[in-house]
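Descriptive structure summary
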Amino acid sequence: MEVKPVRHLNATVEVPGSKSYTQRALVIASLAHGRSILYNVLISEDTQYLLEALRLFGTKIIACGSDIIVSGTSCRRDNPGRSVFLGNNGTALRFLTTLVSLGSGEFVLDGSSRLRERPVKPLLDALKTLGVISHSRNNRGYPPLRIDAKVDQLASRHQLAGNGKRGRLDDDARRSAKHRRLRVRHRRLDRQRVRARI
């Protein structure tokens, strides 16, 4: 096929949304208070896996074409009681490994044979310093991952969530050497509708 140059072109081109931005916006919206509307998201295989995982964790999501309405859970996580399959979505694996630490009980994250070749040991080691208990295949930092989220990990949950509720960490946690090294900024997400453009 011969491609010929065009001297004069008058056209409108719509650039598709970013997969990277879409996944980050979805995770943030799922943690927020109230409803978020994401415009011009990229619906791909990877984002579909993330959408399904977030729904399993209790986030209500409505897709309207290239726009998505997300009802945030205020940092609460439901436990689906089964393994969550993420395909080959390494971005979702890393985000959700941290996100499920805010829940309660055992969470299992798995994916395709290719995803099982992707290491996440540095992330698991970082979460361990916050008191998060995790297990990986052969304990070498590869999926499938099992995260044991405990209700009594109060200080760690506050740090992981950026302290989604007003208040201060309890005195014992603030006095511990580990938590003195960490600066926790208390933030409260706007309860009103959040509009974001990808």
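Up top you'll find the structure we're talking about.
Residues numbered from 1 in each chain as written. Predicted model: local features only at pLDDT ≥ 70, side-chain atom pairs only at ≥ 80, totals over all residues. Heavy atoms only, no water.

1. Some thoughts on the nonpolar core
Inside soluble globular proteins, nonpolar side chains tend to come together where they are buried. By size, the foremost hydrophobic cluster in this structure holds 31 residues, and its most contacted members are Leu26, Phe57, Leu86 and Leu96. Breaking this core down by element, the ones donating at least two residues are helix H1 (19–31), helix H2 (45–56), strand S3 (67–71), helix H3 (90–99), strand S5 (105–110), helix H4 (121–128) and strand S7 (142–149). If we skip the residues at most four places from it in the chain, Leu96 touches Leu50, Ala53, Leu54, Phe57, Leu86 and Leu109. (Core = buried A, V, L, I, M, F, W, Y, C linked by side-chain atoms within 4.5 Å. Buried < 20%, exposed > 50% of the residue type's maximum accessible area, 1.4 Å probe, protein only. Helix = DSSP H or I, 4+ residues; strand = E, 2+ residues; numbered from the N terminus. Contact = heavy atoms within 4.5 Å.)

2. Structural notes on the packing of aromatic side chains
This model, assessed by the stated rule, comprises 2 aromatic pairs. Ring geometry for Tyr49 and Phe85: centres 5.7 Å apart, planes at 70°, overall edge-to-face. Taken together, the positions of Tyr49 in helix H2 and Phe85 in strand S4 (residues 84–85) put the pair 36 residues apart, joining distant regions of the chain. Both rings, one in Phe57 and one in Phe107, keep their centres 5.8 Å apart while their planes meet at 75°; by these two values the pair is edge-to-face. Residue Phe57 is located in the loop between H2 and strand S2 (60–64), and its partner Phe107 is located in strand S5; the two are separated by 50 residues in the primary sequence. Assigned by exposure class, Phe57 and Phe107 land together as buried. (Phe/Tyr/Trp six-rings, centres within 6.5 Å; stacked < 30°, edge-to-face > 60°.)

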